[in-house]
Amino acid sequence: MTIDGKAVTAAATINAVNPATEQVVGTAPDCSREQLDQAVAAARHAFSAWSATPLNERRAVLGRMAGVLAANAATLGELLSQEQGKPLAKAQEEVLISAHWCAEVAKLPLEPDTLADTPDSLVQVHRVPIGVVGAIVPWNFPVALAFFKIAPALLAGNTMVLKPSPLTPLTALKFGELLRDALPPGVFNVVSGGDALGPWMTAHPGIDKISFTGSTATGRKVMESGAATLKRLTLELGGNDAAIVLPDVDVNAVAPLIFWGAFANSAQFCLAIKRLYIHDAVYDRLSQALAKLAGSVKLGAATEAGVELGPVQNKAQFERLKGLLADCKAQGLRLLAGGEVAQQPGYFFPVTLVDNPPESSRIVQEEPFGPILPLLRFTDIDDAVARANASPYGLGASVWTADEAQGLAIGRRLQAGTVWVNEIHTISPIKPMAGHKQSGLGVEQGEDGLLEYTLPQTVSLKRGGQASGAGA
Ligand code: NAD
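Reading guide: rules and limits
Position numbers for residues count from 1 along each chain, tracking the sequence in the order it is written. Reporting in this predicted model follows two pLDDT cut-offs: at least 70 for local features of residues, and 80 or more for side-chain atom pairs to be given and counted; totals over whole chains, interfaces and linings ignore these cut-offs and use all residues. Side-chain descriptors were evaluated using all non-hydrogen atoms of the structure, hydrogens and water having been removed beforehand. Each helix corresponds to a stretch of at least 4 residues labelled H or I by DSSP, and each strand to a stretch of at least 2 residues labelled E; elements are numbered beginning at the N terminus. Radius of gyration: over C-alpha atoms. The globule rule applied is 2.2 Å multiplied by the number of residues raised to the 0.38 power. Type-normalised accessible area, obtained with a 1.4 Å probe on protein chains alone, sets the label of each residue: buried when under 20%, exposed when over 50%, and partly exposed for intermediate values. Contacts between residues were defined by any pair of non-hydrogen atoms, one from each residue, lying within 4.5 Å. All accessibility values rest on the Shrake-Rupley procedure with a 1.4 Å probe; residue burial counts only the protein chains present in the view. His residues and chain termini do not enter the charge count, which takes Lys and Arg as positive and Asp and Glu as negative. Charge coordinates come from a single atom per side chain, which is NZ of Lys, CZ of Arg, CG of Asp or CD of Glu. UniProt positions are given in the numbering used here, feature names are shortened, and annotations may be inferred rather than shown by experiment. A pair of strands is treated as paired once DSSP finds two or more bridges between them. To be near a molecule or strand, a residue needs just one of its heavy atoms within 4 Å of it. Here a polar contact means two N or O atoms within 3.5 Å. Within protein one must be a hydrogen donor candidate and the other an acceptor candidate, and residues neighboring in sequence count only if both atoms are side-chain atoms. Angles run from 0 to 180 degrees between N-to-C directions of axes, and those axes are lines fitted to C-alpha atoms, restricted for helices to the stretch in contact. A pair of aromatic rings is counted whenever rings of Phe, Tyr or Trp (Trp by its six-membered ring) have centres within 6.5 Å, and the orientation is called stacked for planes under 30 degrees apart, edge-to-face for over 60 and tilted otherwise. Only lysine NZ and arginine CZ atoms are considered, and such an atom sits over a ring when it is within 6 Å of the ring centre and within 35 degrees of the ring normal. By convention here, the domain bounds are inherited from an automatic or database domain assignment. In what follows, salt bridge is the name for a side-chain nitrogen of Lys or Arg lying within 4 Å of a carboxyl oxygen of Asp or Glu. Any residue that is not Ala, Val, Leu, Ile, Met, Phe, Trp, Tyr, Cys, Pro, Asp, Glu, Lys or Arg is counted as polar, Gly included; the first ten are nonpolar and the last four charged. Residues belong to one nonpolar core when they are buried, are Ala, Val, Leu, Ile, Met, Phe, Trp, Tyr or Cys, and are joined through side-chain atoms within 4.5 Å. What sets the label is the angle itself: under 35 degrees gives roughly parallel, over 145 gives roughly antiparallel, 65 to 115 gives roughly perpendicular, and the rest give oblique. Handedness of a helix crossing follows the sense of rotation of the near helix relative to the far helix, less than a right angle counterclockwise being left-handed and clockwise being right-handed.

**Considerations on the overall build of the chain**
- Across its full length, the chain holds 15 helices and 24 strands.
- Scaling as 2.2 N^0.38, a compact globule of 472 residues should have a C-alpha radius of gyration of about 23 Å, and the chain matches this with 24 Å.
- Structurally, the chain occupies a C-alpha span of about 75 × 55 × 40 Å along its principal axes.
- For the chain, buried positions account for 56% of its 472 residues.
- A separation of at least 24 residues holds for 72% of the contacts in the chain among residues at least 6 apart in sequence.
- With the model as given, the accessible surface of the chain reaches about 19000 Å², and the carbon-plus-sulfur share is 54%.
- Charge centroids of the chain, computed over 38 positive and 45 negative side chains, lie 3 Å from each other.

What follows is the structure, given as C-alpha cells:
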C-alpha cells in the first residue's frame, strides 16, 4: 500500500483472481484499522500544505501524474487485464484514458467568482477544498473510475485515501507506488483490504468526504454510515439504461454502435445499454443484425490474439448472470443469441439476446451488469418513453434516429443524467455526469464535478475602511 509516501505491507493478505483462469494472480495487503488510521492521519497532515499550494502548481502535478501513467501504460495495462479480465488492448486504453483525464482536468477553471467589485465593496466566492477525501471504487474500470476522482479531488486541493475493490486491488496498488515521487507524501494514499475496509472509511471521523462508485445498494449503506459525521458525498451508482430505436434508422449503421453500447467491457459498464426498445418496423432486422454480431464476436482470455470480450470479472457476478439466464429459460422466453454457458475454467458468459420479454421480468427490471440484454418491441413512442422512464434508475439513455430534432426532443423527455442521440459513451472530462433518481447523488466530471470537491466560501469586503454590519 502507499501510506504517507511510503510502501506499507499488512499482516494479512487478500487474493486477486484472474477471471479467465480462476487462478490467483497476486496478493494484496489486507489493511488493518490502525493502518487506515495512519493513512487518514497522513492525508490530514498533508492537507495544510497541499491546499495552500498555488493552483498552478497543483495543475502541474496533475500533468506529471498524466506523464507517469502514460509512461507505464504497458505495465499497468497488463496487470489490469490479468486481474480484471478485459482484453489487453482495452486495459492499456483504460490507463491512457486515465492519463488523458489527469491532463484535461488540470485545465478546468477554479478561480473565484466575483459577484461585486465596486468602489464600496468586493464580494467573491472562493472554492476551498473539503479536506480528506475517501475514494471507493468498483472492479469494472478499476483505473479510470479511480482517476475520475483522484484528478479533480487533488486539483481542488484535497488529499485522498483511495480504496480499490477487493476483487481488483493490484493495479491501484501499483499506480499508487508509481505516483509516490510525483506527489508530496500523504497527499495520495492507497489502501487495499477486504469487506471491512469500506465501512471503516465511511464511518471514519478523519475523512471529510466520500466519493463512491458502485452499486445502489452499497451507496445507501455509504450514505447511512456517512450521516453520523455528516460527510459530504458523491455517489455514482447503478443504472438500467434504456436505448430507444426509431423506425427511420439505418439498421446496418447503428447495429454495431448499439451492440458495443451494450456489450463493451463484457457489459460490466454502469452506462451500458441494458434495455433496448426497438420500433416494430425495424425490430426483426435490427435483432437479426445484433444476433449476427453476437455470433461473430471473439470471447476469450485477455492475452488471446484478436479477443474482443473477456470473461465477467468474478464468480458472484457469473453466478448472478446464470441465475438471470435460468429465469429467462424458466419463463419460456426466446433467446436470439447465446444462452449456453460452456463448461470450462473461467467466468465466460456468451453474449445473450432475449426476445421481447415482458416488462415485469427480472431481465428487464434488474441491472444484469453482464452480457445479457433484453430487446423490447414498441409501436408507440410515448409508450416507449414511459417504459424507459419506469425505472428507479436514471443514469444514462440513448435515442437512435435519422431525425435529429426528434431525437433531441425524445432525449429531453428521458429521465437520465446523460442522454446521447446517435452516439453513446462519449464521456469526457468536460461533460458533467450525474445519476438521476437512485443512480446517484451529485455529479462527476466537468466543472460541476470539480466543484463537488470544494466548498463555497463567500468573502465580502466593505471598501473605504469603514466597518459596517447588516443593518448599517
Ligand atoms: P459494490 O457496491 O459491491 O462495491 C463498490 C465498492 O464499494 C468496492 O470497493 C467495495 O469494496 C466497496 N464496498 C462494499 N461494501 C461497502 C460498504 N458497506 N461500505 C463502503 N464500501 C463498501 O459494487 P461493484 O459490484 O463493485 O460494482 C458494480 C456496480 O457499480 C454496478 O451497480 C454499477 O452500475 C455500478 N457502477 C456505477 C458507475 C457510475 O459511475 N455510476 C460506474 C461503474 C459502476
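Now that the structure is up, let's keep going.
**Brief notes about the UniProt feature "active site" (unreviewed entry) in the chain**
- The residues that UniProt annotates with the feature "active site" (unreviewed entry) are Glu236.
- Mapped onto the elements, Glu236 comes out in strand 11 (residues 232-236).
- Filtering out sequence-adjacent residues up to four positions away, Glu236 remains in contact with Phe212, Thr213, Gly214, Leu395, Met433, Gly435, Ser439, Gly442, Val443 and Glu444.

**A look at the pairing of strand 6 (residues 121-129)**
- By the bridge criterion, four bridges tie strand 5 (residues 113-117) to strand 6 in an arrangement that is antiparallel. Counted as the bridge partner of Asp117 is Leu122 from strand 6.
- Between strand 5 and strand 6, which pair antiparallel and follow one another directly, the connecting turn spans three residues.
- Looking at chain direction, strand 6 and strand 24 (residues 454-462) are connected through nine bridges and run antiparallel. The partner of Pro129 across the bridge, within strand 24, is Thr454.

**A word on the site of the ligand**
- The full set close to the ligand counts 29 residues, and Val137, Ser215, Thr218, Leu237 and Glu367 are the nearest of them.
- For the ligand, an oxygen atom lies 3.0 Å from a polar atom in the side chain of Trp139.
- Note that an oxygen atom of the ligand is positioned 2.7 Å from one of the side-chain N or O atoms of Thr218.
- Computed on the free molecule, the ligand has an accessible area of 840 Å², of which 87% lies beneath the protein chains in the complex.
- Only helix 7 (197-203), strand 10 (209-213) and helix 8 (216-227) provide two or more residues apiece to the shell around the ligand.

**Comments concerning the sheet that holds strand 19 (residues 418-421)**
- Pairing is mixed in the open sheet, where seven strands are placed in the order 14-15-16-13-12-18-19. Two strands close off the open sheet at either side, each with one partner strand: strand 14 (334-337) and strand 19. Strand-to-strand, the axes of this sheet are offset by a mean angle of 25°, without reference to chain direction.
- Looking at chain direction, strand 15 (residues 352-355) and strand 16 (residues 372-378) are connected through four bridges and run parallel.

**Digging into the packing of aromatic side chains**
- Tallied over the full model, the rule gives eight aromatic pairs.
- A centroid spacing of 5.4 Å and a plane angle of 75° characterise the contact between Trp139 and Phe369, whose relative ring orientation is edge-to-face. Of the two residues, Trp139 sits in the loop between strand 7 (132-136) and helix 5 (144-155) while Phe369 sits in the loop between helix 12 (362-365) and strand 16, which places them 230 residues apart along the sequence. A single burial state applies to Trp139 and to Phe369, both of which are buried.
- An aromatic cluster is present here, built from Phe147, Phe175 and Phe188 joined pairwise through their rings.
- The ring of Tyr453 carries Lys209 above its face, with NZ or CZ at 4.9 Å from the centroid.

**Side note on the domain arrangement of the chain**
- Entries for the chain in the domain assignment read domain 1 (2-237 + 439-459) and domain 2 (242-421).
- Put simply, domain 1 and domain 2 have zero salt bridges between them.
- Counting across the interface, domain 1 meets domain 2 through ten residue pairs in polar contact (both at pLDDT 80 or more).
- In terms of residue class, the side of domain 1 that touches domain 2 is built from nine nonpolar, eight polar and four charged.

**Re the nonpolar core**
- The biggest cluster of nonpolar side chains holds 112 residues, and the ones touching the most others in it are Met65, Ile150, Leu154, Leu162, Phe175, Phe188 and Leu276.
- Built from parts of two domains, this core gets at least three residues from each of domain 1 (2-237 + 439-459) and domain 2 (242-421).
- Once residues within four sequence positions are removed from consideration, Leu276 is found in contact with Ala243, Val245, Ile258, Leu290, Leu373, Pro374, Leu375 and Leu376.
- Residues Ile244, Val354, Val364 and Val385 belong to the second largest nonpolar core, which totals 28 residues.

**Quick notes on the packing of helix 3 (residues 73-84) against helix 6 (residues 170-178)**
- Where helix 3 contacts helix 6, the axes come no closer than 8 Å and their chain directions differ by 160°. The orientation of helix 3 with respect to helix 6, classified from their angle, is roughly antiparallel. Relative to helix 6, helix 3 is oriented so that their crossing is right-handed. Facing Leu76, Leu79, Leu80 and Glu83 of helix 3, the residues of helix 6 in contact are Leu170, Thr171, Lys174, Phe175 and Leu178.
- Here the contact of helix 3 with helix 6 is built from residues that sort into six nonpolar, one polar and two charged.

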